[in-house]
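Understanding the architecture of this molecule
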Amino acid sequence: MQKQKLLDNSLNEAKILFESFGIKKFRASQIYDAIYQGKSLQDIKNIPQNDLKMIDEHFIVDIAKICKIQKSSDGTIKFAIKLADESIIETVLMSYTYGKTLCISTQVGCRMGCKFCASTIGGLVRNMSAGEILAQAIVVNAYLGGSKNNRQITNIVLMGCGEPLDNYEEVTKFIKLVEDKDFLNISQRNISLSTCGIAPNIYKLADDGFKVNLTISLHASNDEDRKKIMPIARKYSINEVLKACDYYFAHNNRRIYFEYTLVQGVNDSEKHIMELKNLLKSKVCHVNVIVLNEVAERSVKGVNRKQAQKFVDKLNSVGISATLRRTLGQDIDGACGQLRKRLGEND
Ligand code: SAH
């Protein structure tokens, strides 16, 4: 019999399943409490051995384990996390004055092929399940001394490895799990989903009633230039993506964020500023301009912070709200676009 991942279930679902296997319902609460304290199955002492044996027969309980921790000089921490099938993904914790933001992965690898990003090197290995996506928050929350009723992480950004809207079912299930009052209780207002622009799934997200902050990796102001760096641009035009954003906005009034990583000679000219103005002037939005973080295997070049600040100033002067994103965790390859799947703990 195929074991299922326990964390893919809400607490109520787990209770029903436990009951069907002849285990008392309250054992589900006990086991979730333990998992949220960072314990693995063998560390659980308050559940009888025969129940634990039964649970182990039906479920994978230990689905994520921190296997490496790297600390940046700016306080950012990067975690390598090993999943039950030995895949290793990366998760990054950033500290801000308002709280702690966790940048989590949604796929092992990625198949989007963006020319500047490390996550897509080697392609997609597999989608992560909702429980595996959630487990990143659980293990880091426990690392910080938190538990089920003691939340240490305040915000979540789906900006790690993978394209969240290429794994729609599991990602949306994760959002429901993480906002569940029984769990970390992180509201959708504090969750940001970043996408390269899979337009149909932006409509779906709105239709399904989600209210997470939507961030679009735009990175160009016309389709021709976008196609040079983002293969997805061949499938969905900027206009199609922006229409989907309007639809999302009409459903929940959440300001849309656009990410714009400056790539030298591709998207950084005066012409691009004017095109951006025309595309975005009527929208309630904000542009995060990003300085390209270097990825060894990638040949694209970025601009320096001073040039990037100039680009931001010009956008502001034509009426587009924009800021230059702080770069965190660069010295540990934990910044935007530097996360990747790993082959082993020492990789
Ligand atoms: N697949 C999603 C989320 C992951 S990437 C998406 O495309 O939005 C998170 C952000 O980092 C995206 O805006 C991405 O385009 C950007 N990014 C990727 N590689 C980068 C790099 N080398 N330097 C700076 N930003 C990068």
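It should be emphasised that the depicted structure is a prediction, and the values quoted were computed from it without experimental measurement. (Residues numbered from 1 in each chain as written. Predicted model: local features only at pLDDT ≥ 70, side-chain atom pairs only at ≥ 80, totals over all residues. Heavy atoms only, no water.)

Some points on the sheet that holds strand β5 (residues 88-96)
- Taken together, the ten strands give an open sheet; going across it, the order is β3-β4-β5-β6-β9-β10-β11-β12-β13-β14, and neighbouring strands pair in mixed fashion. Edge positions in the open sheet fall to β3 (64-71) and β14 (322-324), since each of these has one partner strand only. Sheet twist, expressed as the mean angle between neighbouring strand axes with direction ignored, is 25°.
- Here β5 runs beside strand β6 (residues 99-103); their pairing, made up of five bridges, is antiparallel. Along β6, the bridge assignment pairs L93 with L102. (Pairing = 2+ DSSP bridges. Helix = DSSP H or I, 4+ residues; strand = E, 2+ residues; numbered from the N terminus. Axes fitted to C-alpha atoms, helices over the stretch in contact; angles between N-to-C directions.)

Examining the packing of helix α1 (residues 11-20) against helix α2 (residues 26-36)
- Two elements in contact, α1 and α2, have axes whose closest approach is 8 Å; the angle formed by their N-to-C orientations is 130°. Here α1 lies oblique to α2, going by the angle between them. As α1 runs across α2, the sense of the crossing is right-handed. Here L11, A14, K15 and F18 of α1 come into contact with α2, specifically with R27, A28, S29, I31 and Y32.
- For the contact of α1 with α2, the class distribution of residues is six nonpolar, one polar and two charged. (Parallel < 35°, antiparallel > 145°, perpendicular 65-115°, else oblique. Left-handed = near helix turned anticlockwise from the far one by under 90°. Contact = heavy atoms within 4.5 Å. Nonpolar A, V, L, I, M, F, W, Y, C, P; charged D, E, K, R; others polar.)

Concerning the site of the ligand
- Around the ligand, the structure places 21 residues, and the nearest of them are F116, S194, S217, H219 and E259.
- A distance of 3.4 Å separates a nitrogen atom of the ligand from a polar atom in the side chain of T261.
- If the ligand stood free it would expose 540 Å²; the protein chains cover 96% of that surface.
- Of all the secondary structure elements, the ones that give two or more residues to the shell around the ligand are β10 (191-195), β12 (256-262) and β13 (285-291).
- Considered class by class, the residues forming the shell around the ligand number ten nonpolar, nine polar and two charged. (Near = heavy atom within 4 Å. Polar contact = N/O pair within 3.5 Å; in protein donor to acceptor, adjacent residues only side chain to side chain. Areas by Shrake-Rupley, 256 points an atom, 1.4 Å probe, with all protein chains shown as cover.)

Topic: the pattern of salt bridges
- Inspection of every chain in the model, using the stated rule, returns 14 salt bridges.
- One salt bridge connects K283 with D246, and the closest N-O pair in it is separated by 3.1 Å. In this pair, K283 is assigned in the loop between α9 (270-280) and β13 and D246 in helix α8 (residues 238-252), connecting sequence segments 37 residues apart.
- With relative accessibility at 38%, the residue D246 sits in the partly exposed group.
- The closest approach of N and O atoms between E270 and K314, which form a salt bridge, is 3.0 Å. (Salt bridge = Lys/Arg side-chain N within 4 Å of Asp/Glu carboxyl O. Buried < 20%, exposed > 50% of the residue type's maximum accessible area, 1.4 Å probe, protein only.)

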